[in-house]
Amino acid sequence: MSVVPSTSPNFKANVKEALADEQLQNALANIKNGFVRNRRIASERLAEFEALRDQARDIKTHTIEHLDVYLEIYQQNVEASGGQVHWAMDEVEARKIILEICQNADAKTVTKGKTMIGEEIGINEYLEENGIEPIETDLGEYIIQLRGEMPSHIIAPATHVSKEQVADAFKETHTELDADRSLEDADDLLAEARAMLRDKFIQADVGITGANFLIAETGSSVIVTNEGNGDLTQTLPKVHIALASIEKVVPTLEDVTTLLRVLARSATGQEISSYTTFSTGPRRATDLDGPEEYHVVIVDNGRTEMLAGDFSEMLRCIRCGACMNHCPVYNAVGGHAYGWVYPGPMGAVLTPGLMGLDEAAHLPQASTLCGKCEEVCPVRIPLPTLLRRWRDQVYARDLSDWMTKWGLKYWAMFAKRPALYNFLANPKMRLLAWWAKKHGHLKSIPTLKGWTENRNFPAPEGKTFHQLWKERK
Ligand code: SF4
């Protein structure tokens, strides 16, 4: 069980709150208009994009099937380049290792690049409890750190926050600056964040980054950013800690180049991100800059268990965020409703795997199973299939609420008796079609309020599925 507080069991209440939050709803509209369109354009522009996705899937599948081998090779090569690898079974071990490295460096402040595994193990809170100040340097992470929130998206952590809210957070925190300064433009906000962070980069004793990939054949860690903050985090302090989960390892440099080609296009629609940085070991005598110590903390935290079970395919995930950008549920409720570190379809599969189904039984239900997530996933993770697998387990373990159990029981009773099903469903369908005639859709259905509370229900039109199926034969 993670120590990072989770509200996943309250998913339904979280959803209600999110749907009523006008500002959040406006912010979510930007995801649809930005990331989705950009990914489409970038993927259409590259003739071999689909072939690259197949290669990316195969690279990750092969690596996961031989994870022990590649992790061992990776460790040997990190050590050969003068770095150290630390293994952590869970978040407790990971936090202790990181704290010890920081204490050995006599660290007072730590700069941080964006790391989802850092969120997962609650590293900021732990460092603070132990008298070390963690400073997020990714702009989105910096904003949510000031607001005391979790990320709401894995690549755009502050996507739920408006410009005005950022200005308020800056005015509340940067009290040494002129209280009457203008923070109306995004450029003003960016300039202020940059100025505030500049000194922190220089003062920090330790820099912690995540790692998009760990390359076994070279012992390198790779980070992908658009702000350059990751580079400053890992090169300026005297100690660099790269924090990664076990599935981040890939065999070769060549493999990483394939994965990078699908990652940026799937995430932001860029051909390549602004900064793609490879770090290998500490600073060498001939290097102009770089850390004196290079540590890699590799965390398991439930992944080995997933590896051996029905959800191992989820470990192919390269954290591009495309599945959530295209998910109608994520786009309606945002990331915080999911209640923990990983939102959207990937979170709905990964969170039960890491935290246990008791904690996250609602999440696999948070999907229309439209299949869009699988359609856009660069490593072709069959997310709808995995969601269905979790749903089977929720049902088998009797974790559903009474309404769902009751509903499924009665639906099954009718579904097993097609004549009875048609006898009852056909007139109902005709009634709904007649009722919706005026608007072309239904604004409310008395017994199914949840379906129509926040959107119109399409009017039934034409023949039923059963009728069409019969005609097809
Ligand atoms: S599941 Fe696929 S689409 Fe979603 S974040 Fe992971 S790699 Fe990207």
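What counts and how
Residues numbered from 1 in each chain as written. Predicted model: local features only at pLDDT ≥ 70, side-chain atom pairs only at ≥ 80, totals over all residues. Heavy atoms only, no water. Helix = DSSP H or I, 4+ residues; strand = E, 2+ residues; numbered from the N terminus. Rg over C-alpha atoms; globule rule 2.2 N^0.38 Å. Areas by Shrake-Rupley, 256 points an atom, 1.4 Å probe, with all protein chains shown as cover. Lys, Arg positive; Asp, Glu negative; His and termini not counted. Charge placed at Lys NZ, Arg CZ, Asp CG, Glu CD. Axes fitted to C-alpha atoms, helices over the stretch in contact; angles between N-to-C directions. Left-handed = near helix turned anticlockwise from the far one by under 90°. Contact = heavy atoms within 4.5 Å. Nonpolar A, V, L, I, M, F, W, Y, C, P; charged D, E, K, R; others polar. Buried < 20%, exposed > 50% of the residue type's maximum accessible area, 1.4 Å probe, protein only. Near = heavy atom within 4 Å. Core = buried A, V, L, I, M, F, W, Y, C linked by side-chain atoms within 4.5 Å. Domains from an automatic or database assignment. Expected span 1.5 Å × (residues − 1). Polar contact = N/O pair within 3.5 Å; in protein donor to acceptor, adjacent residues only side chain to side chain. Pairing = 2+ DSSP bridges. Salt bridge = Lys/Arg side-chain N within 4 Å of Asp/Glu carboxyl O. Phe/Tyr/Trp six-rings, centres within 6.5 Å; stacked < 30°, edge-to-face > 60°. Lys NZ or Arg CZ within 6 Å of the ring centre and 35° of its normal.

Trainee: Mind showing me how you'd approach the overall build of the protein chain here?
Mentor: Tallying secondary structure elements over the protein chain gives 23 helices and 12 strands in all. The C-alpha radius of gyration of the protein chain comes to 24 Å, within 12% of the 23 Å expected for a compact globule of 473 residues. By its C-alpha atoms, the protein chain is 80 × 60 × 45 Å across when sized along the principal axes. Accessible surface, the protein chain: about 23,200 Å² in total, of which carbon and sulfur atoms supply 53%. Averaged over its 52 positive side-chain charges, the protein chain has a centre that lies 13 Å from the centre of its 65 negative ones.

Trainee: Help me understand the packing of helix α9 (residues 163-173) against helix α10 (residues 186-203), please; the structure alone is not making it clear to me.
Mentor: Any two packed helices are characterised by the angle at which their axes cross and by the distance between the axes. Two elements in contact, α9 and α10, have axes separated by 10 Å at closest approach and are oriented at 35°. The chirality of how α9 crosses α10 is left-handed. Two secondary-structure elements touch here, α9 through Lys 163, Val 166, Ala 167 and Phe 170 and α10 through Ala 186, Leu 189, Glu 192 and Ala 193. Residues that form the contact of α9 with α10 fall into these classes: 6 nonpolar, no polar and 2 charged.

Trainee: Help me understand unusual backbone geometry in this model?
Mentor: A negative phi angle characterises most non-glycine residues, just as the trans form characterises most peptide bonds. Even without being a glycine, Asn 301 presents a positive backbone phi close to 50°. We classify Asn 301 as buried; its relative accessible area is 10%. Look at Arg 319: it is not a glycine, yet its phi comes out positive at around 55°. By secondary structure assignment, the location of Arg 319 is in the loop between α13 (303-307) and α14 (322-325).

Trainee: Mind showing me how you'd approach the site of the ligand here?
Mentor: In the region of the ligand, 14 residues are neighbours, and Cys 317, Cys 320, Gly 321, Cys 323 and Cys 377 sit closest. Residues that form the shell around the ligand fall into these classes: 12 nonpolar, 1 polar and 1 charged.

Trainee: Is there a simple way to think about the nonpolar core in this case?
Mentor: In globular proteins that are soluble, nonpolar side chains generally tend to be buried together. Counting 66 residues, the largest nonpolar core has Phe 213, Met 314, Tyr 338, Tyr 342 and Met 346 as its most contacted members. Setting aside chain neighbours within four positions, we find Phe 213 in contact with Ser 220, Ser 221, Val 222, Lys 248, Val 250, Val 256, Leu 259, Leu 260, Leu 263 and Ile 318.

Trainee: When you look at the domain arrangement of the protein chain in this model, what are you seeing that I'm missing?
Mentor: A common way to report how large an interface is uses the accessible area buried once the components associate. Domain boundaries in the protein chain define domain 1 (67-303) and domain 2 (403-472). Using C-alpha coordinates to define each centre, domain 1 is positioned 50 Å away from domain 2.

Trainee: Hey, could you run me through helix α12 (residues 253-267) in this one?
Mentor: Along an α-helix, residues three or four positions apart point the same way, because every turn accommodates 3.6 residues. Taking 1.5 Å per residue as the helical rise, α12 with its 15 residues ought to reach 21 Å, and the 21 Å between its terminal C-alpha atoms agrees with that figure. Every buried residue of α12 is listed here: Asp 255, Val 256, Thr 258, Leu 259, Leu 260, Val 262, Leu 263, Ala 264, Arg 265, Ser 266 and Ala 267. Phi for Gly 269, located one or two positions after α12, is positive at around 80°.

Trainee: Can you walk me through the environment of Ala 27 in this structure?
Mentor: The residue Ala 27 is located in helix α2 (residues 22-45) in this model. Distance from Ala 27 to Pro 9, taken between C-alpha atoms, is 25 Å for residues 18 residues apart in sequence.

Trainee: Would you mind going over helix α8 (residues 139-147) with me for this structure?
Mentor: What α8 keeps buried is the set Gly 140, Glu 141, Tyr 142, Ile 143 and Ile 144. Each element contacted by the buried residues of α8 is listed here: α6 (116-121), β3 (133-136), α9 and α10. A distance of 3.0 Å separates the backbone nitrogen of Gly 140 from a side-chain oxygen at the start of α8, and that oxygen is part of Asp 138. Phi turns positive one or two residues past the end of α8, at Gly 148, with a value near 65°.

Trainee: What is the right way to read the sheet that holds strand β10 (residues 293-299) from this model?
Mentor: Strand pairing in a sheet relies on backbone hydrogen bonds. The paired strands run either parallel or antiparallel. Judged by pairing direction, the sheet is parallel, and its 6 strands sit side by side in the order β1-β10-β7-β4-β2-β3 without closing on themselves. Looking along the sheet, the strands with just one partner apiece sit at the ends: β1 (84-88) and β3. Strand-to-strand twist in this sheet, taken as the mean axis angle between neighbours without regard to direction, amounts to 25°. Against the sheet, helix α5 (residues 91-104) touches β1, β2 (109-112), β4 (206-209), β7 (239-245) and β10, its axis set at about 145° to β1.

Trainee: What am I meant to see in the pattern of salt bridges here?
Mentor: When their charged atoms lie close together, side chains carrying opposite charge are able to pair. All told, the structure shown has 21 salt bridges when counted by the stated rule. Arg 57 is the salt-bridge partner of Asp 54, the closest N and O atoms lying 3.6 Å from each other. With Asp 54 and Arg 57 both in helix α3 (residues 49-65) and 3 residues apart, the pair spans about one turn of that helix. Here Glu 247 makes a salt bridge to Arg 319, at a shortest N to O gap of 3.3 Å.

Trainee: Can you help me understand the sheet that holds strand β8 (residues 249-250) in this one?
Mentor: Taking strand neighbours across the sheet as the criterion, the 4 strands line up as β8-β5-β6-β9 in an open arrangement whose pairing is mixed. Edge positions in the open sheet fall to β8 and β9 (275-279), since each of these has one partner strand only. Relative to the sheet, α12 contacts β5 (213-215), β6 (220-225), β8 and β9, its axis offset from that of β5 by approximately 160°.

Trainee: Can you help me understand the packing of aromatic side chains in this one?
Mentor: Given two aromatic rings, one states the distance between the centres and the angle between the planes to describe the pair. Inspection of the entire model under this criterion finds 7 aromatic pairs. A cation over a ring is seen here: Arg 472 above Trp 469, with NZ or CZ 4.3 Å from the ring centre.

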